[in-house]
Amino acid sequence: MEVPEFIKNRYWLEKSWVEGLPADVEIPEKPIYEVIDEACQKYAERTAIIFYGFEIKYGQLKEYIDRFATSLSNMGVKKGDVVAIYAPNCPQFAVAYYAAMKAGATVTALSPLFAPREVEYQLNDSGSKILITVEQLYPNFAKVCENTDVREVIVANIAGGEARVDGKFVDFREMLVSEPDPPEVKWNVREDVAVLQYTGGTTGLPKAAMLTHYNVVANLYQIMPLTEIIRRWLKSHRVIREEGEYLVIDFDGKEYRTFKDYYEKDYSPRCAILPWYHIYGQTVDLNSGLATGDILVVFARFEPEKILEAIERYRITTFMGAPAIFVYYVNNPELMKKYDLTSLLYVNNGAGPIPPEIVEKWDELTKDAGRGILVEGYGLSETSPVTHTTFGPPFRKRKIGSVGPPIPNTYAAVIDPETMDFLGIGEEGEIVISGPQVMKGYWNRKEETEKVFFEAGGMRWLRTGDIGKMDEDGYFYIVDRLKDIIKYKGHSVYPREIEDVMYEHPAIKEVCVVGIPDEVAGETIKAFVVLDERYKGKITEQDIIEWCKERMAAYKYPRMVEFRDELPKSAAGKYLRRVLRDEELRKRGGD
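Since this is a predicted model, take the numbers as computed values, not measurements.

Trainee: Got a minute to help me understand the overall build of the chain in this structure?
Mentor: Within the chain one finds 18 helices and 29 strands. Radius of gyration (C-alpha) of the chain: 24 Å, near the 25 Å computed for a compact globule of 591 residues. Once the C-alpha set of the chain is aligned to its principal axes, its extents read approximately 70 × 65 × 55 Å. Expressed as a percentage of the 591 residues in the chain, the buried residues total 62%. Partitioning the contacts of the chain with sequence separation of at least 6, the portion at a separation of at least 24 is 67%.

Structural data, given as structure tokens:
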């Protein structure tokens, strides 16, 4: 199969590349924990993690990791074993994550939102023998422990005290008593799996993407230059004056304040609210934050006001989020206006598409920040996860609704999902990716692995399952998930397109559109809506349908609307269409 020349040559390098961003970065052949070890040694006296006021320095973090890895090794953990982490974001997660790999293990992380049945499934499917969890989540495991092969359970008190649960376990603190003497593990980083990242998809049971150490390290090094570019840009501005521990910088007539130490030593705090059980949080917050010497201000869950307080207090510059997070904030503008958010320099949405209406509202609320604009990225669990970013002004023009061009070392294209032919600029089809961040395959799923990969032009390509296109500047657009497309009377209807229009209605706070099986139409279109408080009791479902009719083609507008108090979301902030669809099927007695 021939790859078009404009793809081989990476068309976007000529049309829209960021000055100072390498087209390709050198990727070291080392396990991810070695990258973090080096940062811990380099920044030993600097604060690495702030967790509700509790601070850990980089040097301390390395010592904890080494002690924990030693204890795991003494417990019998060896190369090829799988260690599961079932915990929210917390210092114990970071320690366990790197220590398990240092002991030779592969890590699989479970969502803290999981019910016992889901815990049992992932532990068994992954073959986990060791579980690291926290007191609050232990009871979920206890209900299914007899149905798993887990031989040791390590329980942490998230506040750092003694762990207390009913059952046999090892206290997390006991794992930090061993003298640090982690084992020497020989790695084939291109083959040995660092992370089993489970991905649900829209149908079937979750499956694990096998992300090698090379995949994870590659994606880290692919995105690190973006942090460096922002730091150089900050220093290109003139310092106006000092105010105690602060510096005041001239941002084109606007005053920007930052801590002197941040400015002089090239680091800054970032808000770590993306869940670390997912590779998105692991790569862009945990790995990237520590590898670049930043301070991670960590939250165990989404706490809207405490997060804004932290941005103000610590002068946070980097804020990585997901659609549900930004939707919440723009629907609560008075809360945002209470706090000084002017320190923001890099705000990014990932984990799912975000409506343009939300982007515009966010930009307005953060217009006084150094660089508060909301930019978008794209990626998948199968790609470690980042493949694209808009990055945005002043480095590259922003096109709202686009996820931008690919990142360094990455090839992206659009194919016809039926014929597998590569398509041209502006044509819609399935997005495919080739690059060093692309997974090895699915864990114990040979047939499913073969379905998503193909060879072309001497490259191995991953089928993403996302429908999209590339424009004349090399910017990519995600239209929708291939599996989420609604087939209404033979028409292909994209849920995201409908949602983007519906977000323009002042009464709509949140919306999620799904296709429901229908004998006549094949599928019919249903919108689940959360109303703004001001409109509750003042507008009907039919009012929304009539409003949509006026703004959409006859085959696109929702035939049904249901008001909800909330919509189901994953811990990463994605709206869970399949949950809504399954509820409807159960109501109708479907499968």
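After that view of the structure, there is still more to cover.
Trainee: Mind showing me how you'd approach the packing of aromatic side chains here?
Mentor: In the structure shown here, the tally under the stated rule is 30 aromatic pairs. On the numbers, 4.8 Å between centres and 80° between planes, the contact of F51 with Y52 is edge-to-face. Judged by relative accessible area, which is 8%, F51 ranks as buried. Exposure remark for Y52: the relative accessible area of 39% places this residue in the partly exposed category. By the ring-pair criterion, three or more aromatic residues cluster together here, those being W233, F251, Y256, Y346, F391 and F395.

Trainee: Sorry, what's going on with the sheet that holds strand β11 (residues 246-251) here?
Mentor: Strand pairs in the sheet, formed through backbone hydrogen bonds, run parallel or antiparallel to each other. Read from one edge to the other, the open sheet built from three strands follows the order β10-β11-β12, with strand pairing classed as antiparallel. Strands with a single pairing partner mark the edges of an open sheet, and in this sheet they are β10 (239-243) and β12 (254-259). Within this sheet the neighbouring strands show an average axis-to-axis angle of 25°, counted without direction. Relative to β12, β11 runs antiparallel, the two sharing six bridges. From the neighbouring strand, I249 faces β12, where its bridge partner is Y256.

Trainee: How should I be thinking about the pattern of salt bridges in this particular structure?
Mentor: Proximity of charged atoms lets side chains of opposite charge pair with each other. The full count for this structure, using the stated rule, is 54 salt bridges. Its salt-bridge partner being E242, residue K260 comes within 2.8 Å of it at the nearest N-O pair. Taken together, the positions of K260 in helix α9 (residues 260-265) and E242 in strand β10 put the pair 18 residues apart, joining distant regions of the chain. Here K549 ties to E546 by a salt bridge, and the two come within 3.6 Å at their closest N and O atoms. In this pair, K549 and E546 both sit in helix α17 (residues 541-549), three residues apart, roughly one turn of the helix. One continuous salt-bridge network, built from bridges that share partners, spans K526, E562, R564, E583, E584 and K587.

Trainee: Where do I start with the packing of helix α12 (residues 323-330) against helix α14 (residues 356-365) in this structure?
Mentor: Each pair of packed helices can be described by the angle between their axes along with the distance between the axes. Between α12 and α14, the shortest axis-to-axis distance is 9 Å and the interhelical angle comes to 55°. As far as their axial angle goes, α14 and α12 are oblique. Seen from above, α12 lies across α14 with left-handed handedness. On α14, the residues touching F326, V327, Y329 and V330 of α12 are I358, K361, W362 and L365. Broken down by class, the residue content of the contact of α12 with α14 amounts to seven nonpolar, no polar and one charged.

Trainee: Help me understand helix α4 (residues 58-74), please; the structure alone is not making it clear to me.
Mentor: For α4, built from 17 residues, the straight-helix expectation of 24 Å at 1.5 Å per residue is met to within 8% by its first-to-last C-alpha distance of 24 Å. Within α4, burial applies to Y58, L61, K62, I65, D66, R67, F68, A69, T70, S71 and L72. One or two steps after α4, the chain reaches G76, where phi turns positive at roughly 105°.

Trainee: Mind showing me how you'd approach the nonpolar core here?
Mentor: The tendency in soluble globular proteins is for nonpolar side chains to be buried as a group. By size, the foremost hydrophobic cluster in this structure holds 138 residues, and its most contacted members are F68, I154 and W461. Tallying contributions element by element places helix α8 (residues 213-235) first for this core, with twelve residues. Residues I486, I508, C548 and L567 belong to the second largest nonpolar core, which totals 67 residues.

Trainee: For this particular structure, what's the right way to read the sheet that holds strand β13 (residues 269-272)?
Mentor: If you walk across this open sheet you meet the eight strands as β2-β1-β14-β13-β15-β16-β17-β18, and the pairing is mixed. Unpaired on one side and paired on the other, β2 (54-57) and β18 (386-389) mark the two borders of the sheet. Going across the sheet, the axis of each strand differs from the next one's by a mean of 25°, ignoring polarity. Judged from the four bridges that link them, β13 and strand β14 (residues 295-298) form a sheet pairing that is parallel. The residue bridging A272 from the neighbouring strand is V298, located in β14. Here α12 sits on the sheet and contacts β15 (318-321), β16 (346-349) and β17 (374-379); the angle it forms with β15, its principal contact strand, is near 110°.

Trainee: Sorry, what's going on with helix α16 (residues 495-502) here?
Mentor: Note that an α-helix has 3.6 residues per turn; residues three or four places apart therefore point the same way. Counting buried positions along α16 yields seven of eight residues, so the element is predominantly enclosed. Listed as buried for α16 are P495, R496, I498, E499, D500, V501 and M502.

Trainee: Just to check I follow, could you spell out the environment of Y575 for this structure?
Mentor: When you line up the elements, Y575 lands in the loop between β29 (560-563) and α18 (577-587). In this structure Y575 comes out as buried when scored by relative accessible area, which is 19%. Expressed as a C-alpha distance, the spacing of Y575 and A69, which sit 506 residues apart in the sequence, is 36 Å. In this structure, Y575 is in contact with A324, V327, Y503, E510, C512, L567, P568 and K569, ignoring residues within four places of it in sequence.

Trainee: Honestly, the pairing of strand β19 (residues 411-415) in this entry has me stumped. Any pointers?
Mentor: A regular strand places its side chains so that they alternate between the two faces of the sheet. Among the five residues in β19, four count as buried, and that is most of the element. Pairing between β19 and strand β20 (residues 429-434): five bridges, direction antiparallel. Opposite Y411, over in β20, you have S434 as the bridge partner.

Trainee: Looking at this structure, how should I read unusual backbone geometry?
Mentor: A cis amide bond links S384 to the next residue, P385, at an omega of 0°. Structurally, the position occupied by P385 is in the loop between β17 and β18. Cis geometry marks the peptide bond from P393 to P394; its omega dihedral reads 5°. Tracing the backbone shows P394 in the loop between β18 and β19. Despite not being glycine, R315 shows a phi value in the positive range, around 55°. Considering the arrangement of structural elements, one finds R315 in the loop between α11 (304-314) and β15.

What counts, and where the lines are drawn
- Residues numbered from 1 in each chain as written.
- Predicted model: local features only at pLDDT ≥ 70, side-chain atom pairs only at ≥ 80, totals over all residues.
- Heavy atoms only, no water.
- Helix = DSSP H or I, 4+ residues; strand = E, 2+ residues; numbered from the N terminus.
- Rg over C-alpha atoms; globule rule 2.2 N^0.38 Å.
- Buried < 20%, exposed > 50% of the residue type's maximum accessible area, 1.4 Å probe, protein only.
- Contact = heavy atoms within 4.5 Å.
- Phe/Tyr/Trp six-rings, centres within 6.5 Å; stacked < 30°, edge-to-face > 60°.
- Pairing = 2+ DSSP bridges.
- Axes fitted to C-alpha atoms, helices over the stretch in contact; angles between N-to-C directions.
- Salt bridge = Lys/Arg side-chain N within 4 Å of Asp/Glu carboxyl O.
- Parallel < 35°, antiparallel > 145°, perpendicular 65-115°, else oblique.
- Left-handed = near helix turned anticlockwise from the far one by under 90°.
- Nonpolar A, V, L, I, M, F, W, Y, C, P; charged D, E, K, R; others polar.
- Expected span 1.5 Å × (residues − 1).
- Core = buried A, V, L, I, M, F, W, Y, C linked by side-chain atoms within 4.5 Å.

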